[in-house]
Every structure is written in structure tokens, then in C-alpha cells.
Amino acid sequence: MSIDALKDRLPDYAKDLRLNIGSLVNDVTLTPQQLAGTFVASAIASRNDDVTKAIVAEFADKLTPEAFGAAKAAAAIMGMNNIYYRFVHMAGGDYGKMPAQLRMSVIGRPGVDKADFELWSLAVSAINGCDLCVTSHEKIVREALGAEAVQTAVRIAATVHAVAVALQGAAALGDA
């Protein structure tokens, strides 16, 4: 499946998503690796098999094996960290002072430029809704790549997630 096939499957009430994903696929504010990795990490975080397969088919050849692995790792590690740090933020108290005691060495050695990994982690954290992680990754990405890169990554995350939601809803309602 391709991005075009995903767009074709979107119901008419989601036509804005069709247009948004089409323009974001051709975005030039990020490097090709940053764009591809943001799409891949966001697709995995969207938890929709069809979306993930289509986006990986579209972008995998634009990533080195190391970058593809790092995009998958960003989705995986943020899947854990976003839950943990969202809890720490919501619960308050002494939890923020306690060591997490969770292994997350991939953040220190992602196999790609740190700014790219932070960009992908930001996109996943936006999807997962972790305030602490979004704040932390946004600051690093903004300092390294600029505010426009931050906005583009979050626009990709929002659109990919919305496509996954729309397709899941359409399938459940028989609109597919």
C-alpha cells in the first residue's frame, strides 16, 4: 500500500486529511531523512497497521538502515517514556525526584544525528500527549533545527494520527 492508496481510502468527510498528508509528503522544511523518519515514527505511534505499512513503503528507501532503526526506536522508547513521564507529571509529589530506573540508552546513542532522533521523539510524544516529553524534545529541536522544524514534525504527527483515526473509524462504521 502507498500514501496514494491511503488517501484514496479516506472518506469524503476526511478530505482535509487527504490534502494535508499529500502536501506534507512533499514538505521541504526538513531534510529527506528528517521527513521520512518523522513519518515512520509517527505512523508506528499511530498504532494502525495499514497506515504504518503504507508509510514505511513510501519512506523506508529514503532512510539508511540506521535511520530506519532509529525512527522505530524513537517510537518504541517514547511509547514507554511518554507513559512514565506523563504519570510523573500528573501524579506530582516525589516521583519527579526519583530515578526512573528504566533503560533508555538509545536516546544517548540513537545511531543518527541527535537532532533527528529528538525530532522523531517529539512527533511521537505529541501523538502520545506527554507534556514533559513534548516540552523537553521541543526545546532541543527548536535550538538545533528551528521552530519551523518543530511545527512541521508536529503537523506530520497530527496528520498521520488523524489519518489512522479516520481510517479506523471508517472501517468500524462501514464507510471504508
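Residues numbered from 1 in each chain as written. Predicted model: local features only at pLDDT ≥ 70, side-chain atom pairs only at ≥ 80, totals over all residues. Heavy atoms only, no water.

Trainee: I would appreciate a short explanation of the environment of Leu102 in the present structure.
Mentor: Relative to the assigned elements, Leu102 resides in the loop between helix H5 (65–91) and helix H6 (114–128). Sequence-wise, Leu102 and Ala147 are 45 residues apart; in three dimensions their C-alpha atoms are separated by 30 Å. Apart from residues no more than four positions distant in its own chain, Leu102 is found in contact with Met80 and Tyr84. (Helix = DSSP H or I, 4+ residues; strand = E, 2+ residues; numbered from the N terminus. Contact = heavy atoms within 4.5 Å.)

Trainee: Can you walk me through a nonpolar patch on the surface in this structure?
Mentor: On the surface, Phe87, Tyr95 and Met98 cluster together to form a nonpolar patch covering roughly 300 Å² of accessible area. By the element assignment, Met98 lies in the loop between H5 and H6. (Patch = residues over 30% accessible without salt bridge, like charges linked within 9 Å, V, L, I, M, F, W, Y side chains within 5 Å. Areas by Shrake-Rupley, 256 points an atom, 1.4 Å probe, with all protein chains shown as cover. Salt bridge = Lys/Arg side-chain N within 4 Å of Asp/Glu carboxyl O.)

Trainee: Is there a simple way to explain unusual backbone geometry in this structure?
Mentor: Trans peptide bonds make up the majority, and among non-glycine residues the majority have a negative phi. A positive phi angle is found at Arg47, which is not glycine, with a value near 60 degrees. In this fold, Arg47 is placed in the loop between helix H3 (32–46) and helix H4 (49–59). In this structure Arg47 comes out as exposed when scored by relative accessible area, which is 62%. (Buried < 20%, exposed > 50% of the residue type's maximum accessible area, 1.4 Å probe, protein only.)

Trainee: What am I meant to see in the state of the cysteines here?
Mentor: Should the sulfur atoms of two cysteines be covalently bonded, the bond is a disulfide. Within this structure, the stated rule accounts for 0 disulfides. Residue Cys130 stays outside any disulfide, its sulfur separated by 3.3 Å from that of Cys133, the closest cysteine. Cys130 gets classed as buried once you look at its relative accessible area, which sits at 1%. On the accessibility criterion, Cys133 (7% relative accessible area) is buried. (Disulfide = S-S within 2.5 Å.)

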